Amino acid sequence: MSVTNTNKMFLYARKSTDVEDKQIRSIPDQILELREFAKRENIEILEELIEKQSAKIPGRPVFDSMIERIEKGEACGILAWHPDRLARNSIDGGKIIYLVDTGKIKLLKFPQFWFDPTPQGKFMLTIAFGQSKYYVDSLSENTKRGLRQKALRGEFPSWAPVGYLNVIRDRRKIIIVDKKKAPIVVKALEMFATGNLRIMDIGSFLAKNGITTRGGKVIPSDQITFQLLTNPFYFGHFRFKGEVYEGIHTPIITKKLWDQVQKVVKRRSKVITKERIHKPFMGLFRCGECGYMITAEMKKGFTYYRCTKKSKVIKCTQLFTREEDVDKQLSDNLLTVSLRQDWADKMLDKLSLEEKYVAQSCQVFVQSKKDEIKLINDKLQRLLDSYLDQVIDRDSYLIKKSELLSLKKTLEEQIINFQHSQNAWLEPMKQWIVEATNVANIAREDNLEEKKVLALKIFGSNSTLKDRKVCCEALNPWSALRADPPTRDSVRKRGFILNHSSQY
Ligand SMILES: [Zn+2]
């Protein structure tokens, strides 16, 4: 193994050739950020290299010559904006990992991604190099199309509201009336239609009859308004992605009763706006223009998000964005960091191999330490014998004994620490892979609260909303999965590129 002795690194910037992606900086921006980063981290740059070719297919002139020069020992590492700037295919990604393994690359630095040359770090890097966007695109497009078709057929493509149940009959997902809860819901709607009750009274009526939140609490008024009082589902229609469809499910109330309820809701609308309205994405976004928090407002049964405009300095010009719009974009963003099932399976396989390997090398290490301990025990015995035979005096005996005991303790600790450190990353990594595979499911479902919790986990609290566009940046380790958002171009090329990028 030949190891480089220079401390200089290559700065590598690559333009995004396939995608006009807001989140990927232009080349001058990348270089500027990298130079600043290098200054902060005390990195000496040998040369700035700029590539104009896609990293999805192997064979880029600048990249290839850089690798060659690193192999010759000209530089000790690479500085790039994110691993996806360096490689987007398994061959180039593999080259880099190999150079890390053989010590030719001592450092890999990314402002957008933290890498360390441990098994875990290399594992994450492999993911960042290979994660393909194309699967994600087609999956989300097809699912969306499928859901809309389902809605057009009159089947509500989501979780049924209280009073109904989602069941599977003859391998088809259908929605049936919940015989236990439906009468309670009907009673609640009838009561509210009289105009004598407040929404919170309806909440306590439902709670008394066993209809609560999952946590067993009274359902908040905003949810009662949105999901019960103004939900056309109960008379046979349903709302889906901002549109109303005619359903094929069994109504449990008449349209007449529903109209009466709407009248009361309208009359009480002043009261309702004072009560907390349904706003699942509250606290998730900041305004991209002025930086203040985004809040929600309900109008005509739909939720809108808008800037709180609390700034006294900036006169914010941002308008309202519909919840369906925010939801769609947020879901797309979530999909960019979801992990494909076949990848997850391969990674989990790789992890169990790693686990076996770790267990083996652990055993070898532990055995050698145990052998050393056994030697010490023998020495201790001989030492005691010498002392008893009066070959050595008491002081020498005590000094030597304490030396040997201290050495023994160190070895024992090394065994424990080694076992711990070798396995420490495997379990969390497994959990994370499973979690990352589930992202796509949550993104495709309509549980907005769940989406918000997930979004906070993945993007932190730096997501913004500006000009009706949602902007999120994934944190580590999620940023390893980051795939470019879909474009018409990428969809067109998908058939060709899949063969290249789907190999692990
Ligand atoms: Zn604003």
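Overview of the structure.

Conventions adopted
Residues numbered from 1 in each chain as written. Predicted model: local features only at pLDDT ≥ 70, side-chain atom pairs only at ≥ 80, totals over all residues. Helix = DSSP H or I, 4+ residues; strand = E, 2+ residues; numbered from the N terminus. Buried ≥ 20, exposed ≤ 12 C-beta atoms within 10 Å, placed from the backbone. Contact = placed C-beta atoms within 7 Å. Pairing = 2+ DSSP bridges. Core = buried A, V, L, I, M, F, W, Y, C linked by C-beta atoms within 7 Å. Axes fitted to C-alpha atoms, helices over the stretch in contact; angles between N-to-C directions.

Another aspect to go through is the overall build of the protein. Broken down by element type, the protein carries 17 helices and 14 strands. The buried share of the protein, reckoned over its 504 residues, is 29%. Sequence separation of at least 24 residues holds for 68% of the intrachain contacts in the protein that already meet a minimum separation of 6.

Attention shifts here to the sheet that holds strand E11 (residues 302–307). Here we have three strands laid out as an open sheet, ordered E10-E11-E12, and antiparallel in their pairing. In the strand order of this sheet, the two ends are held by strand E10 (294–299) and strand E12 (321–322), each with one partner. Direction of pairing for E11 relative to E12: antiparallel, over a ladder of two bridges. What sits directly across from Tyr 305, in E12, is Thr 321.

To continue, consider the nonpolar core. Ranked by internal contacts, the top residues of the largest apolar core, which has 62 residues, are Phe 10, Tyr 12, Ile 78, Leu 79 and Leu 334. Setting aside anything within four residues of it in sequence, one finds Phe 10 in contact with Leu 46, Glu 47, Leu 49, Met 66, Ala 75, Ile 78 and Leu 79. Counting 26 residues, the second-largest nonpolar core is a separate cluster that includes Ile 175, Phe 192, Ile 199 and Phe 238.

Right, let's get into the sheet that holds strand E1 (residues 8–14). The four strands lie next to each other as E2-E1-E3-E4, forming an open sheet whose pairing is parallel. Every other strand in the sheet has two partners, leaving strand E2 (44–51) and strand E4 (107–109) as the edge strands with one partner each. Pairwise comparison of adjacent strand axes, ignoring direction, gives a mean angle of 25 degrees for this sheet. Pairing geometry for E1 and strand E3 (residues 77–79), over three bridges, is parallel. Across the sheet, the residue bridging to Phe 10 is Ile 78, located in E3. Along the sheet, helix H2 (residues 61–71) contacts E1 and E2; its crossing angle with E2, the most-contacted strand, is approximately 150 degrees.

With that settled, consider the environment of Leu 375. Along the chain, Leu 375 turns up in helix H13 (residues 341–388). Of the residues examined, Leu 375 has 14 C-beta atoms within 10 Å and is grouped as partly exposed. C-alpha separation for the pair Leu 375 and Lys 408, spaced 33 residues apart in sequence, amounts to 9.7 Å.

Mapping Lys 466 onto the fold places it in strand E13 (residues 464–466). By the C-beta count within 10 Å, which is 18 here, Lys 466 ends up partly exposed. Linking Lys 466 and Cys 307, residues 159 residues apart in sequence, is a C-alpha distance of 9.1 Å. The residues contacting Lys 466, other than those within four sequence positions of it, are Cys 287, Gly 288, Glu 289, Gln 318 and Cys 471.

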